[in-house]
Every structure is written in C-alpha cells, then in structure tokens.
Amino acid sequence: MSFKHKNVLAVCTLATLATISFSAAAADSRDSVCSNPLQRICNDTLAQRKERDVYVSKLKNEIAQEAGINAAPRIDQMRKKIRPYRFIKRFLETTKIRNQEIMSSAKKRISGFEEVVTNPENVNKIKNYMYQAIDTSTFDLTTKEKFKNVIQTIVVGNFSDFLEKSDLENNVLAQMLGNACGSDGLIDNAFATTLKGERYVLICPGFLITLNQAASASDRFNSILQAISHEMGHHIDNSKVGNELYAPYLSCLAKNYSDRFTKTKEDEKFCKANAKDPVKCNVQVALSHAGELIADQWGIRTTVVHVSSEALSSADTDQMLTDSWAKLCGTGDEGIHPTGDFRIGSLMRKNPGISGYLSCLSTETDAKPACTFAGESAM
C-alpha cells in the first residue's frame, strides 16, 4: 500500500521556490512537534505548502505537455507493430513510453531528479538504518535475521525502472500500478510490490518531482526517508509474516485507538455479528489497518535511527519531521490507511524514540499510551 494517497495540486518559479521554507513559517511559531504536532506540521506550514503546490502543479503540467508531444510518434510507431486485439500489451507499452518521456522531460528541468532513490549510497544508508531499527526491536534473533535478509533484497526504484522489467503481456498488476502512479506517472505516490519474486519499493515520478521543493540533497533525503522506510516495512508487515509477531503492537492499537479507525464494510459485518464482544470488533478494525500501522512504525523507528546517527539537534529534528510528514496533512481513512491526523499526532508524536529525542514534556491531550512493537509504552 502507498505511504500516502493524496494528489498534490499545484505555480511559482524555481527561483521563488528556493526561497520558500517551512522553517520560515515555524520560526515565529510557539508550537513544535512536541507541543502541537498537527499545528506545527499542518497548520503553521499551510501557506508555504499551498505555494509549493502551485509550483509543482505548473511544473508537472509543463513536463506532461512536453512528454505527451515527444511520446506521440513513438506510441504511433508501437501501435503499427502491435495488433489492436492485444490491448493489454498496447497499454503496457504506451505506459512505458509515456513514463520514459516524463522522466526525460523532468530531468531537463530538475537537476539530480532521481538521485535520492537511484544513488546506491542513499539506498544502502536507509537499509542500514532499517537493520539498526530491527536490531533494537524486541523481536527474537531469528525473526531479526529474517527481517534483515528481506530488507537486504529490496530494490528501490522508480516506475519506469519497474515497467522496464515488467514485460508480461497479461500483467494485471502492472495495470494496477499504472493507476497508482497515474497514466502519466505524475501522481505523488510511493508503494511496495513484488515482481517475479523480487521485492520492490517504487517511487512514482510525481513523488520525485515534489522533492525538488527541498533546498539540498540532505533535505531531499530527509523528506523521503519516512516514505521509503515505510514501504520497506511493508515487505515485513503482517501480510508477509502473520499477525502473531505483531500481536503486542496491534493489541495496543485495538485497545486504545480502534475508535480512530474507519470500519470497512467487512468490519461492519463482523462487528454486527459480534455485537456482544466489542473487543473482537476492535481487533478486527485494527487488523484492517495493520499493514499501514506496521509500516508506519518501521518508518518511525528508522527515522529515530537517522536522527541519532546524524546527531541532529532538536530544532533540526523538528524541521525534518515537519518536512517528511507534511504530505499526510488532511489525508483520510478509507479503511486501510489511518487518517493523517492520527499518523502524525499519535503514531509519530507519541513514539518513545521521537518524544524522547525531542525531550517532549507531558503535553498530551489524552492519557493513552504509545504503542510500540513491544506493546504499550508510557510516554
């Protein structure tokens, strides 16, 4: 599942963009990720995010228009070679061509466009963080080694890289992924998947384009760390290893936060059938969101390792969390992804590693505990 599922709307110049910073909005703010994460991450940065959205929209439109013009003759040529009744093959080839031209057009406008995900040093750095996050968890040694072996095999790529490797004519999965990035690849998204036995974390071109908002390579890395480690986490979530390993974490969430999750139609039926046992209902609702909750927890743990390894100051950490979580502001719960408010205000803010590193005081509006892979944890 994707780290987020919210399109970025976006119209200023690149020179103007370079002067825009979330930190400028927060400099005079009394709020911080500690005291009021939603205010700090979502409200204090609203004007700056709107300006950036305008820029991104304009940039994406320019890229799409140029790519469309350049792709047209190539698509026409392809259609002369592939018969009309092979419509799935045509779809895949058309998507590949369009995406190749999108990437080509983007590279003309954005220096180092893909470097944050194609640079082996960045990928290895994130994987090493994941190994440390796994080592410092409470799982047994066998599970830790299994998890680390899985992380080691993950390929971090982009959508065109994936499509180049997807040559199956009847690949329905490729169609689905095409929709996940959009027919032109410009939806701001990232997701985990598997192709021919290989584990992938895929970054849509639309997501990579938004990274141009960051002023430096380190800022771009900080902005995408949570997303990539979240997607890596999907390769070791409960859908891959079962619910039992994550039972303490999921039980904590079911006990304390199930009322924060939207029920699916299946959940509604289950809860109705088990009306006399609300605990079963709560567990079922938590399980519907389990994959995303687990992936978020791995992303948060990896972020904590990064903060510690780089010895970031509290101010820099506050800024990094603002930049990397702002994409979730205003996102809803469709029965799988929790709301952005919950993910920011509860999962991330209450995490003992985050609150501990930021030296957060007891500023909570509720007395509910943090949920970790070990279960309930006092703030």
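The sections below set out a description of the structure shown in this document. None of these values were measured; they are calculated from a predicted model.

Topic: the packing of aromatic side chains
Applying the stated criterion across every chain yields a total of 11 aromatic pairs. A ring pair is formed by Trp 298 and Phe 373, whose centres lie 4.7 Å apart and whose planes are at 50 degrees; its orientation type is tilted. With Trp 298 in helix 17 (residues 290–309) and Phe 373 in the loop between strand 4 (370–372) and strand 5 (375–377), the pair connects residues that are 75 residues apart, well separated along the chain. In terms of burial, Trp 298 and Phe 373 fall into one category: buried. Ring pairs connect the aromatic residues Phe 139, Phe 147, Tyr 246, Tyr 249, Trp 298 and Phe 373, which therefore count as one cluster. Stacked on the ring of Phe 221, the Lys or Arg Lys 125 has its end atom at 4.8 Å from the ring centre. The lysine or arginine in question, Lys 327, covers the ring of Phe 207, its NZ or CZ lying 4.7 Å from the ring centre.

Remarks on the pattern of salt bridges
Scanning the entire structure with this criterion turns up 16 salt bridges. For Lys 89, the salt bridge identified is with Glu 93, shortest N-O distance 3.5 Å. In this pair, Lys 89 and Glu 93 are both assigned in helix 5 (residues 87–109), 4 residues apart and thus about one turn of the helix distant. Assessed through its relative accessible area of 19%, Glu 93 is described here as buried. Of the charged contacts, one joins Asp 259 and Lys 368 as a salt bridge, the two residues approaching to 3.6 Å between their closest N and O atoms.

Overview of the sheet that holds strand 2 (residues 190–195)
Read from one edge to the other, the open sheet built from 3 strands follows the order 1-3-2, with strand pairing classed as mixed. What marks the edges here is a single partner per strand, and that holds for strand 1 (155–158) and strand 2. Put simply, the sheet's adjacent strands are angled 35 degrees from each other on average, direction ignored. One ladder, built from 4 bridges, connects strand 1 with strand 3 (residues 198–203); its direction is parallel. Looking across to strand 3, one finds that Gly 157 is bridged to Leu 202. Each of strand 1, strand 2 and strand 3 is contacted by helix 12 (residues 217–234), which is oriented at about 150 degrees to strand 3, the strand it contacts most.

A closer look at the state of the cysteines
Summed over all chains, the structure comprises 5 disulfides. One disulfide in the model links Cys 42 with Cys 329; its S-S distance is 2.0 Å. Between Cys 42 and Cys 329, the S-S torsion sits near -90 degrees, and that sign places the bridge as left-handed. Placement of the pair is Cys 42 in helix 3 (residues 37–43) and Cys 329 in the loop between helix 18 (314–325) and helix 19 (340–348), with a sequence separation of 287 residues.

Reading the values: rules and limits
Counting restarts for each chain, with residues numbered from 1 along the sequence as it is written. Where totals are concerned, whole chains, interfaces and linings use all residues; where local detail is concerned, this predicted model gives features only for residues with pLDDT of at least 70, and gives and counts side-chain atom pairs only at 80 or more. Calculation of side-chain values draws on the structure's entire complement of heavy atoms; hydrogens and water are dropped beforehand. In this analysis, rings of Phe, Tyr and Trp, with Trp reduced to its six-membered ring, are considered paired at centre separations within 6.5 Å, and the interplanar angle assigns stacked below 30 degrees, edge-to-face beyond 60, and tilted for intermediate values. Labels follow the DSSP assignment, with helices taken as runs of H or I lasting at least four residues and strands as runs of E lasting at least two, numbered in each case from the N terminus. Burial classification: accessible surface area is computed with a 1.4 Å probe over protein chains only, and a residue below 20% of its type maximum counts as buried, one above 50% as exposed, and the rest as partly exposed. By the criterion adopted, a ring carries a charge over it if an Arg CZ or a Lys NZ lies within 6 Å of its centre and within 35 degrees of its normal. By convention in these notes, a salt bridge is any Lys or Arg side-chain nitrogen within 4 Å of a carboxyl oxygen on Asp or Glu. One requirement defines pairing of two strands: DSSP has to find at least two bridges between them. For helices, the fitted axis covers only the stretch in contact; all axes are lines through C-alpha atoms, and the angles between them, taken along N-to-C directions, range from 0 to 180 degrees. Working rule for contacts: check all heavy atoms of both residues, and any pair within 4.5 Å makes them a contact. By convention in this document, the label disulfide applies to cysteine sulfur atom pairs within 2.5 Å.

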